[in-house]
Amino acid sequence: SNLESTEKSAASILQTIPDECDKVEDDKDSPVSNETQSPQPESKDIMQVVWRNVILFAYLHLASIYGVYLMFTSAMWQTNVFTIIMYLVSGMGVTAGAHRLWSHRSYKARLPLRIFLAFIFTIAFENDIFEWARDHRVHHKYSETDADPHNAKRGFFFAHIGWLLCRKHPEVIKKGKKIDLSDLMADPVVRFHRKYYIPLVITCCFVLPTLVPMYLWNETFVNSLFVATLFRFCFTLNQTWLVNSAAHMWGTKPYDTNINPRENTLVALGAVGEGFHNYHHTFPYDYATSEYGIKYNLTTLFIDTMAWLGLAYDRKTATRSMIAARKLRTGENKAEKPTAFVNG
Ligand code: ST9
Ligand code: ZN
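One structure accompanies this document, and this report is about it. For clarity, every value in this text was computed on a predicted model and none was experimentally measured. Along each chain, residues carry numbers from 1 onward, in the same order as the chain's sequence is written. For naming, the first written chain is A and the first written ligand is 1, with later ones following in the order written. Confidence filtering applies because this is a predicted model: local features only for residues at pLDDT of at least 70, side-chain atom pairs given and counted only at 80 or more, and all residues used for totals across whole chains, interfaces and linings. Hydrogens and water are ignored here; the side-chain numbers use all heavy atoms of the structure.

### A look at the overall build of the protein chain
Counting its regular elements, the protein chain contains 18 helices and two strands. To sort residues, take the accessible area from a 1.4 Å probe on protein chains only and compare it with the maximum for the residue type: under 20% means buried, over 50% means exposed, and anything in between is partly exposed. Counting the 344 residues in the protein chain, one finds 53% classified as buried. The contact criterion used is simple: two residues touch if any of their non-hydrogen atoms lie within 4.5 Å. Relative to all contacts within the protein chain whose residues are 6 or more apart in sequence, the contacts with residues 24 or more apart total 71%. The method behind every accessible area is Shrake-Rupley, applied with a 1.4 Å probe, and residues are considered shielded solely by the protein chains displayed. Per element, the accessible surface of the protein chain, about 16,600 Å² overall, is 64% carbon and sulfur. Secondary structure elements are defined from DSSP: runs of H or I of at least 4 residues count as helices, runs of E of at least 2 residues count as strands, and each element is numbered from the N terminus.

As structure tokens, this is what we get:
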């Protein structure tokens, strides 16, 4: 049928992406063994585009362009400020919640903080906490292999958004089933979030951010929907995805040259502190995801504030000497500055 042939031709365009994947076979520098790489160019045969997602994400991006236009032409300033605040707050739900707390357990949070984090994470609409953390643990353990949900070896587009537009590689699901996720399901907040995910996301990501500007400062429905909701959602998603795409491609490797993730300050600025990705993949348990504490790192400032309030505790960090030793051993400047460490 017509639909089938369109699907096939579009799939063949997208199939140019996993070609990159085959190169992994020869990548002797890859830190992870070839264990997860299949001997045949399998990813080509199994790439299956999910057209529902392609259409929804295409619409979201077009609507966001209209949202930017409205931001500069007719939206009230209160709406624009609210949009920026919602981006930062929901982004913090991703970084301090799904990422640093639930995926990595890099600190502990008391119940009220966990509920708050789950709430602001839901505004970002990035799957339920369990699914986000499961994919992220698989991403760290099998980074840049077929089992990595957003394997950056498949190119910028795949790592950024393409992975959400097609069925997962079977290795992702196979290896994902071996990951210990018992701590996640032991948390009632995570269970509640998973159980009521759809109504929660509709309320927190779409309904509330559209109603607040309309009821609090008489914004129009159209401005509210396209600016505070659709543009804000799309912008936050792209800031998140840049960590997977840009921060796996451009930047420096002061801690480990054997891995792909890099230090990218621009990404860190947009991702409220999550662009120091060479550091993060080297020391994934560090709650600051960076050597530099709160520098360019709103999320670390937030967690520190929560700790000061007694709502967060047990913040884990890599020590100065561990970082220095690791830089010397595997960092890209290891040959250049050995004296600084030896003497100091
Ligand atoms: C989004 C997430 O955008 C973004 C995450 C980014 C991560 C970034 C990390 C970087 C560091 C942190 C930086 C933060 C910076 C933040 C800055 C903020 C300013 N293991 O999924 P299905 C099972 S979401 C084990 O349907 P398909 C699964 O349980 C955007 N098992 O796969 C199921 O089994 P069963 C909004 C797994 O069919 C079965 O497999 N959300 C695993 O291949 C099928 O699962 C969307 O748009 C695993 N890892 O479909 C939704 N995975 O049936 C998009 C799956 O028994 N997702 N399983 O329950 C989808 O539509 C689909 O998942 C799909 C794949 C089409 C992508
Ligand atoms: Zn991580």
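### A closer look at the site of ligand 1
Taken together, 36 residues surround ligand 1, and among them Asn53, Asp135, Arg167, Lys168 and Trp241 come closest. In this structure, Asn127 approaches ligand 1 through a side-chain N or O atom, which is 3.0 Å from a nitrogen atom. Here a polar contact is taken to be a pair of N or O atoms separated by no more than 3.5 Å, where protein atoms must pair a possible hydrogen donor with a possible acceptor and residues adjacent in sequence count only if both atoms sit in side chains. In this structure, Arg134 approaches ligand 1 through a side-chain N or O atom, which is 3.1 Å from an oxygen atom. Within the complex, the protein chains bury 81% of what would otherwise be the 1,400 Å² of accessible surface of ligand 1. For the shell around ligand 1, the secondary structure elements donating two or more residues are α4 (51–73), α5 (77–103), α7 (129–141), α9 (170–176) and α13 (221–244). Here the shell around ligand 1 takes six residues from α13, the largest share from any one element. The nearness test applies per residue and asks whether one of its heavy atoms lies within 4 Å of the molecule or strand.

### Structural notes on the nonpolar core
With 39 residues, the main nonpolar core has Trp102, Tyr107, Leu113, Leu117 and Phe302 as its most contacted residues. The leading source of residues in this core is α5, at eight residues. Apart from residues lying up to four places away in sequence, Phe302 is in contact with Met92, Ala96, Leu113, Phe116 and Leu117. In this description, a nonpolar core means a group of buried Ala, Val, Leu, Ile, Met, Phe, Trp, Tyr and Cys residues linked to one another through side-chain atoms lying within 4.5 Å. One finds Phe158, Trp163, Leu165 and Leu230 within the second-largest nonpolar core, a separate group that totals 22 residues.

### Describing the coordination of the zinc ion (ligand 2)
We call an atom a donor if it is N, O or S and sits within 2.8 Å of the metal, or 3.2 Å for Na, K and Ca. Water is not counted, so some sites may look partial. For the zinc ion (ligand 2), the protein coordination sphere consists of His99 (NE2), His104 (NE2), His136 (NE2), His140 (NE2) and His280 (NE2), at 2.0 to 2.2 Å. Sequence spacing of the donors to the zinc ion (ligand 2): H-x4-H-x31-H-x3-H-x139-H. Taken together, the residues His104 in the loop between α5 and β1 (108–109) and His136 in helix α7 connect sequence positions 32 residues apart. By relative accessible area, which is 16% here, His104 ends up buried. When its relative accessible area of 8% is taken as the criterion, His136 is described as buried.

### Topic: the packing of aromatic side chains
A pair of Phe, Tyr and Trp rings is counted when the ring centres sit within 6.5 Å of each other, with Trp represented by its six-membered ring. The angle between the planes then sorts it: under 30 degrees is stacked, over 60 is edge-to-face, the rest tilted. Evaluated as defined, the whole model comprises 15 aromatic pairs. Measuring from ring centre to ring centre gives 5.0 Å for Tyr66 and Phe226, while their planes differ by 80°; the resulting arrangement is edge-to-face. Of the two residues, Tyr66 sits in helix α4 while Phe226 sits in helix α13, which places them 160 residues apart along the sequence. Judged by relative accessible area, which is 37%, Tyr66 ranks as partly exposed. Seen from their ring centres, Phe283 and Tyr285 are 6.4 Å apart, and the 80° between their planes marks the pair as edge-to-face.

### Let's talk about helix α16 (residues 298–308)
Of the residues making up α16, those classed as buried are Thr299, Thr300, Phe302, Ile303, Met306 and Ala307. In an axial view of α16, the angular spread of the buried residues amounts to 160°, which keeps them on one side of the axis. On the buried face of α16, the contacting elements are α5, α6 (111–124) and β2 (312–313). Directly after α16, the chain includes Gly310, whose backbone phi takes a positive value near 85°. Directions from the helix axis toward the C-beta atoms define the arc.

### As for the pattern of salt bridges
Criterion for a salt bridge: a side-chain nitrogen of Lys or Arg within 4 Å of a carboxyl oxygen of Asp or Glu. Counting across every chain of the model gives 13 salt bridges. Glu274 serves as the salt-bridge partner of Arg100, at 3.0 Å between the closest nitrogen and oxygen. Of this pair, Arg100 sits in helix α5 while Glu274 sits in the loop between α14 (265–270) and α15 (277–282), and the two are 174 residues apart along the sequence. For the pair Arg100 and Glu274, a shared accessibility class is recorded, and that class is buried.

### Remarks on the environment of Ile259
Tracing the chain through its elements places Ile259 in the loop between α13 and α14. Assessed through its relative accessible area of 14%, Ile259 is described here as buried. Linking Ile259 and Asn278, residues 19 residues apart in sequence, is a C-alpha distance of 7.5 Å.

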